[in-house]
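Structural overview for review
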Amino acid sequence: DQKYAGTKITTFEELLKYASEEAKVEFLHVELKTTLSYQQKEYLVNLVNKYNLQEKVGWQSFIWSEFLDFNILAPKMQLEVLSSRYTDEMLYTLNELNNGQRNVVASLSSNLTSVQMAVSSGYEVYVWTIDSEDVLENFKGLNVTAYMTNGTREIERVIKEESFAQIKKKKKKL
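Residues numbered from 1 in each chain as written. Predicted model: local features only at pLDDT ≥ 70, side-chain atom pairs only at ≥ 80, totals over all residues. Heavy atoms only, no water.

For the structure on display, the rule yields seven salt bridges. Here Lys-17 ties to Glu-21 by a salt bridge, and the two come within 2.8 Å at their closest N and O atoms. A residue pair is termed a helical-turn pair when its members lie 3 or 4 positions apart in one helix, as Lys-17 and Glu-21 do in helix 1 (residues 12-21) at four residues. For Glu-21, a relative accessible area of 54% gives the class exposed. Through salt bridges with shared partners, a single ionic network connects Lys-41, Glu-66 and Asp-69. (Salt bridge = Lys/Arg side-chain N within 4 Å of Asp/Glu carboxyl O. Helix = DSSP H or I, 4+ residues; strand = E, 2+ residues; numbered from the N terminus. Buried < 20%, exposed > 50% of the residue type's maximum accessible area, 1.4 Å probe, protein only.)

With that settled, the discussion passes to the packing of aromatic side chains. Scanning all chains against the criterion turns up five aromatic pairs. Considering the side-chain rings of Trp-59 and Phe-70, the 5.2 Å spacing of their centres and the 45° angle between planes classify their relative orientation as tilted. With Trp-59 in strand 2 (residues 57-61) and Phe-70 in helix 3 (residues 70-73), the pair connects residues that are eleven residues apart, well separated along the chain. By the burial criterion, Trp-59 is buried, and Phe-70 matches it. Ring geometry for Phe-62 against Trp-128: centres 5.9 Å apart, planes inclined by 85°, an arrangement best described as edge-to-face. Of this pair, Phe-62 sits in the loop between strand 2 and helix 3 while Trp-128 sits in strand 5 (residues 124-128), and the two are 66 residues apart along the sequence. Assessed through its relative accessible area of 45%, Phe-62 is described here as partly exposed. Given a relative accessible area of 17%, Trp-128 falls into the buried group. (Phe/Tyr/Trp six-rings, centres within 6.5 Å; stacked < 30°, edge-to-face > 60°.)

So, about the sheet that holds strand 5. Judged by pairing direction, the sheet is parallel, and its six strands sit side by side in the order 1-2-3-4-5-6 without closing on themselves. Both outer strands of the open sheet, strand 1 (28-31) and strand 6 (146-147), are each paired with one neighbouring strand and no more. Summarising the sheet, strand 4 (residues 104-109) and strand 5 pair through five bridges and their orientation is parallel. Across the sheet, the residue bridging to Val-105 is Glu-124, located in strand 5. (Pairing = 2+ DSSP bridges.)

Before going further, it helps to spend a moment on the confidence of the model for the protein chain. Of the residues in the protein chain, 92% have a pLDDT of 70 or more, and the chain-wide mean is 90. Below a pLDDT of 50 lies the segment residues 167-174, which in the model reaches eight contacts outside its immediate sequence neighbourhood of four places, other chains included. (pLDDT = per-residue confidence, 0-100. Contact = heavy atoms within 4.5 Å.)

Right, let's get into the environment of Ser-120. Looking at where Ser-120 falls in the secondary structure, it is placed in helix 5 (residues 112-120). A C-alpha to C-alpha distance of 8.9 Å links Ser-120 and Asn-143, two positions 23 residues apart in sequence. A distance of 2.7 Å separates a polar side-chain atom of Ser-120 from the backbone oxygen of Met-117. (Polar contact = N/O pair within 3.5 Å; in protein donor to acceptor, adjacent residues only side chain to side chain.)

Here's what the structure looks like:
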């Protein structure tokens, strides 16, 4: 699209610099969308370390083999295993990545059965992309850690309701 011609694209390092300086940034979920070399992953992890954001960055990917190098490069950084549905292979991967030092997350599309199975596995569960109140209501009462949305006000209102707030309070006590 020509209206974006000449627009500067923020680099990963610029994003990390901003995140390290702004208290507003709670957490960055960095998706690895393609296969990277060990050196490329090492470069990215070193940038996170440079800005002291190890506890504020989670790596996510549909390409689960991309996480193997993180056992050496970033044994304490959060890993988020992305999938459209929960499978035995996903559970195996979650278990393999769980080294006792890092948080490992099952990050799933909004398939209720898959989310229920993932929650019962004991891992934290993120659900995406929730953009309607009706879809969000399906997950009420489940121990879902986070919902990803495109930012609709409708979703914000529902999440602030008492039943969702209770889930959040329970998680903090653990």
